[in-house]
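# Structural characterization, general
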Amino acid sequence: MMRSLFTEHPASVDETYAEHMGVAFGFSLRMCLGGLACLVHAFLPFLFVKTGSETITELHERMVTHRQRPQPGRLAAGAATAAADH
């Protein structure tokens, strides 16, 4: 039960827990940096003029538009492995 809390979602996107942690950490770092650029832009509008929108576009493309969808066989195998871990 407890283990599935950490593995169910990563398996649903065909990643291990460690892989998912790395991807999520990368996204969070990029979002924080984009957010800081927006904060600076709020006070100094001549700086980071396109950084916020470019960050959003980049992250959307990585997460939604160009995401590699898991192969049905790989996902089923991952789900079976996750189920066997219970």
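Residues numbered from 1 in each chain as written. Predicted model: local features only at pLDDT ≥ 70, side-chain atom pairs only at ≥ 80, totals over all residues. Heavy atoms only, no water.

Before going further, it helps to examine helix H1 (residues 2-12). Three or more residues of H1 are buried, namely Ser4, Thr7, Pro10 and Ala11. Down the axis of H1, the buried side of the element spans an arc of 150°, and every buried residue falls inside it. Facing away from the buried side of H1, by more than 90 degrees, are the exposed residues Leu5 and Glu8. Note on H1: the residue one or two positions beyond its end, aspartate 14, has a positive phi of about 60°. (Buried < 20%, exposed > 50% of the residue type's maximum accessible area, 1.4 Å probe, protein only. Helix = DSSP H or I, 4+ residues; strand = E, 2+ residues; numbered from the N terminus. Arc of directions from axis to C-beta.)

The phi angle at aspartate 14 is positive, at roughly 60°, despite the residue not being glycine. Accessibility expressed as a relative area gives 23% for aspartate 14, which makes it partly exposed. The phi dihedral of phenylalanine 48 falls on the positive side, at around 50°, and the residue is not glycine. By the secondary structure assignment, phenylalanine 48 is in the loop between helix H2 (17-43) and helix H3 (51-65). Taking the relative accessible area as the measure of exposure, phenylalanine 48 reaches 42% and is therefore partly exposed.

Moving on: the pattern of salt bridges. In this structure the tally under the stated criterion is 2 salt bridges. The salt bridge partner of glutamate 58 is arginine 30, with a shortest N-O separation of 3.0 Å. One end of the pair, glutamate 58, is in helix H3; the other, arginine 30, is in helix H2, with 28 residues separating them in the sequence. Take glutamate 58: its relative accessible area is 27%, and that puts it in the partly exposed class. Residue glutamate 58 is joined to arginine 62 by a salt bridge in which the shortest nitrogen-to-oxygen separation is 3.5 Å. Residue glutamate 58 and its partner arginine 62 are both found in helix H3; the two are separated by 4 residues, about one turn of the helix. (Salt bridge = Lys/Arg side-chain N within 4 Å of Asp/Glu carboxyl O.)

Here we take up the packing of H2 against H3. Remark: H2 packs on H3, axes separated minimally by 8 Å, with the N-to-C direction vectors making an angle of 160°. When the axes of H2 and H3 are compared, the pair comes out roughly antiparallel. As H2 packs across H3, the resulting crossing turns out to be left-handed. Here Phe27, Arg30, Met31, Gly34, Ala37 and Cys38 of H2 lie close against H3, whose contacting residues are Thr51, Gly52, Thr55, Glu58, Leu59, Arg62 and Met63. Grouping the constituent residues of the contact of H2 with H3 by class yields 6 nonpolar, 4 polar and 3 charged. (Axes fitted to C-alpha atoms, helices over the stretch in contact; angles between N-to-C directions. Parallel < 35°, antiparallel > 145°, perpendicular 65-115°, else oblique. Left-handed = near helix turned anticlockwise from the far one by under 90°. Contact = heavy atoms within 4.5 Å. Nonpolar A, V, L, I, M, F, W, Y, C, P; charged D, E, K, R; others polar.)

Turning our eyes to something else, we now look at the confidence of the model for the protein. With 78% of its residues at a pLDDT of 70 or more, the protein shows a mean pLDDT of 84. Taken element by element, the predicted model of the protein shows its lowest mean pLDDT in helix H4 (residues 72-84) (51) and its highest in H2 (96). Counting interchain partners and residues more than four positions distant, the pLDDT-below-50 stretch residues 81-86 has 2 contacts. (pLDDT = per-residue confidence, 0-100.)

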